[in-house]
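# What the coordinates show
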Protein chains: 2
Amino acid sequence: MSMLDEACMARAIELARKGWYSTHPNPRVGCVIVRDGEVVGEGWHVRAGEPHAEVHALRQAGERARGATAYVTLEPCSHFGRTPPCADALVNAGVARVVAAMQDPNPQVAGQGLKRLADAGIEVRSGVLESEARALNVGFLKRMETGLPFVRVKLAMSLDGRTAMASGESQWITGPAARRAVQRLRAQSSVVLSGADTVLMDDARLTVRPDELGLDAEQAELASRRQPLRVLIDGRLRVPLGAAFFQAGPALVVSTLEDPNYAVVGHELLTLAGADGQVDLAALVAELGRRGVNEVLVEAGPRLAGAFARLGLVDEYCIFMAPKLLGSSARPLLELPLERMAESRELRISDIRAVGDDWLVTAKPRG
Amino acid sequence: MSMLDEACMARAIELARKGWYSTHPNPRVGCVIVRDGEVVGEGWHVRAGEPHAEVHALRQAGERARGATAYVTLEPCSHFGRTPPCADALVNAGVARVVAAMQDPNPQVAGQGLKRLADAGIEVRSGVLESEARALNVGFLKRMETGLPFVRVKLAMSLDGRTAMASGESQWITGPAARRAVQRLRAQSSVVLSGADTVLMDDARLTVRPDELGLDAEQAELASRRQPLRVLIDGRLRVPLGAAFFQAGPALVVSTLEDPNYAVVGHELLTLAGADGQVDLAALVAELGRRGVNEVLVEAGPRLAGAFARLGLVDEYCIFMAPKLLGSSARPLLELPLERMAESRELRISDIRAVGDDWLVTAKPRG
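Keep in mind it's a predicted model, so treat the numbers as computed, not measured.

This part takes up the packing of aromatic side chains. Scanning all chains against the criterion turns up four aromatic pairs over all chains. With 5.2 Å between their ring centres and 85 degrees between their planes, Phe245 of chain A and Phe246 of chain A make a pair best called edge-to-face. Of the residues examined, Phe245 of chain A reaches a relative accessible area of 0% and is grouped as buried. Sitting over the face of the ring of Phe245 of chain B, Arg230 of chain B holds its NZ or CZ atom 4.4 Å from the ring centroid.

Right under this line is the structure:
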């Protein structure tokens, strides 16, 4: 019984992953309905405002849902949002048993969905493949638990920890496979955040280019229908409104200054000055959380990325490491001046994998 | 037949690895003798002056070697060295077939061993698991093919490519598992090479400490019976003869200066001044090759390691990467000042593996 539960939940997680690029601000959720050892319904949440995973799976199962077991990667909702509660739908369909990978930390659910099912006489189990299910929604879960989004800092460096030559020259540190992986990181994020230095130097747009994602047609199509919000940190408003960045679509600019011209041409200007005269990054992250942002991808130079690190705002580093040496005059990974070993930042490397000729190191600050 | 050949050769390679820490300056070689699908003899070369792998295996097989197949990781020798030729021993034992992983590039053998076997009517096959067999003896093979030893540069860095704080503070960048791995790298090397900066700063001895190898008793015992030659690059003879380094045993000091006192207390002083007034490292590497050195481990600071890199003398980097950030003021991996991306050194990362909480990145200069 238990092994079957895990196998069915693994399939539900696989389904949830289909929503990797499209469910924002909702979580990625998958559902499998099994009766007499046979899968009778499968579903996954595609995008906000559309049916939840359970509804898709129940529709496919039809009458065969009666007496069946439903596997869901997240506790079914119990509240009326843009769609009616899934817990009610499962009860109405006559499902006999519900297995959830984890409780929904959303305060509007938080155990109430499972309780409603149990109250209706449905057998309930929770906690199957929970850590795999949590990995589907690191941003949504962090936001539900703390109000803040999950901040991922993407960096590209040489094996000796350098990002560009002293002159600023930096083209093509990493190869095409790494660039596709960065496109996918953008596409899965609610927000792509950068700084004036990067946008000015590279004339960067920071958009998702669906044909560069390296995804199959279905996933690329889903990704193409939602551009992440582009956030530009520009304390002194140095990036001109004629820049490619602003031509590529509406953006949120965060500055210490005010200027009514941004709104006129369709961009939002948010003024958030910290005590040090710089943009208040911690206040910005909190504001993004309030706006329903799950995952923030920081794609910035050593100065801005270093500021996120110094302020303790980083949840995860995604470091693309190119197999080359740029030498000791080249620019550092992060502007992070430390004096003593005791100040060094401890990380935990959770994954290292080959990406073409480059390597992707995933690391998290240690508790 | 072919699959059996590979399986038996894999076992012979496993046996050869037992000599990992002891065969210098000889190659690591293993041998398996198989008759009617049964292993009747196994052997491996333990240390120079003692019998070769084939002799051990033939002794174990005794009369059962007649009509059998012998698997050897390196072409059997055909010349009289400190022991008689193994090709003759195989002929005399009545072996019917010999499978070698690779020809011996030693100009004293170089196909002559296999030819002698074939001339005696023995069926001969070569090239089974050749690349695995080559990996046993990167140093010996490079020396036979070019006259030069294989130079491996060991470095320890933070994830952001730094080796020490600006002050020089550097203790405990990597953890105990990485330090054991470094001990094993020393123990497998013919030479451990360092510079005056490192020896003075750390009061380093650069010896193999058998109880820190993390090996089983048999391997640790073999390693403990052969200390690698310790080579100190000390252009201006700054390390005093009373230093722990010199107390730990005889060493080879390489300098631009001359001083008769080293020989008096049992050390060798080699004067090799280059045109730039520094120690001529290329001349030193060639000299070590002439002395029968297979593998050189460079354990030095960014300046000396950087000099090896600049001169193109590095065959392999073994970089222990600690999961921490030392920041942008900290010391670089290598003193390697480059101006333009076009000068960047291209590497090929051949292996990345976890070593305790740290990671070991193995990389080779490209082409």
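Structure shown, so let's carry the discussion forward.
This paragraph deals with the confidence of the model for chain A. On average, residues of chain A score 93 in pLDDT, and 99% of them are at 70 or above. Our summary of model confidence lists the complex with pTM equal to 0.88 and ipTM equal to 0.84.

Residues and elements named next belong to chain B. Strand order in the open sheet formed by five strands is S2-S1-S3-S4-S5, with mixed pairing between adjacent strands. Each edge of the sheet is formed by a strand with only one pairing partner; in this case those strands are strand S2 (38–44) and strand S5 (123–126). Each neighbouring strand pair of the sheet contributes to a mean axis angle of 15 degrees, computed without reference to strand direction. Both strand S3 (residues 69–72) and strand S4 (residues 97–100) contribute to a ladder of four bridges, which runs parallel. Bridge pairing in S4 places Tyr71 opposite Val99. On the sheet, helix H4 (residues 112–119) packs against S4 and S5 and is oriented at approximately 155 degrees with respect to S5.

Another aspect to go through is the sheet that holds strand S6 (residues 150–158) of chain B. Spatial ordering of the open sheet is given by S14(A)-S16(B)-S17(B)-S13(B)-S6(B)-S12(B)-S8(B)-S9(B)-S10(B)-S11(B), a layout of 10 strands whose pairing is mixed. The two strands at the open ends of the sheet, each matched to only one other strand, are strand S14 (324–325) of chain A together with strand S11 (268–271) of chain B. Sheet topology places strand S8 (residues 191–195) of chain B next to strand S9 (residues 229–233) of chain B; five bridges connect them, and they run parallel. Opposite Val191 of chain B, over in S9 of chain B, you have Leu229 of chain B as the bridge partner. Along the sheet, helix H12 (residues 281–290) of chain B makes contact with S6, S8, S9, strand S10 (251–255), S11 and strand S12 (295–299) of chain B, crossing S9 of chain B at roughly 165 degrees. Where helix H13 (residues 302–310) of chain B meets the sheet, it contacts S6, S8, S9, S12, strand S13 (316–322) and strand S16 (345–355) of chain B, and its direction lies at approximately 115 degrees from that of S8 of chain B.

Another aspect to go through is the interface of chain B and chain A. Taken residue by residue, the interface counts 42 residues in chain B and 42 residues in chain A. The interface formed by chain B and chain A includes six salt bridges. Across the pair Asp357 of chain A and Arg366 of chain B runs a salt bridge whose closest N-O atoms are separated by 4.0 Å. The tally of links from chain B across to chain A stands at 10 residue pairs in polar contact (both at pLDDT 80 or more). Sorting the residues of the side of chain B that touches chain A by element identifies S13, strand S14 (324–325), S16 and strand S17 (358–365) of chain B as the ones contributing at least two each.

Thresholds, definitions, all that
Residues numbered from 1 in each chain as written. Chains lettered and ligands numbered in written order. Predicted model: local features only at pLDDT ≥ 70, side-chain atom pairs only at ≥ 80, totals over all residues. Heavy atoms only, no water. Phe/Tyr/Trp six-rings, centres within 6.5 Å; stacked < 30°, edge-to-face > 60°. Buried < 20%, exposed > 50% of the residue type's maximum accessible area, 1.4 Å probe, protein only. Lys NZ or Arg CZ within 6 Å of the ring centre and 35° of its normal. pLDDT = per-residue confidence, 0-100. Pairing = 2+ DSSP bridges. Helix = DSSP H or I, 4+ residues; strand = E, 2+ residues; numbered from the N terminus. Axes fitted to C-alpha atoms, helices over the stretch in contact; angles between N-to-C directions. Contact = heavy atoms within 4.5 Å. Salt bridge = Lys/Arg side-chain N within 4 Å of Asp/Glu carboxyl O. Polar contact = N/O pair within 3.5 Å; in protein donor to acceptor, adjacent residues only side chain to side chain.

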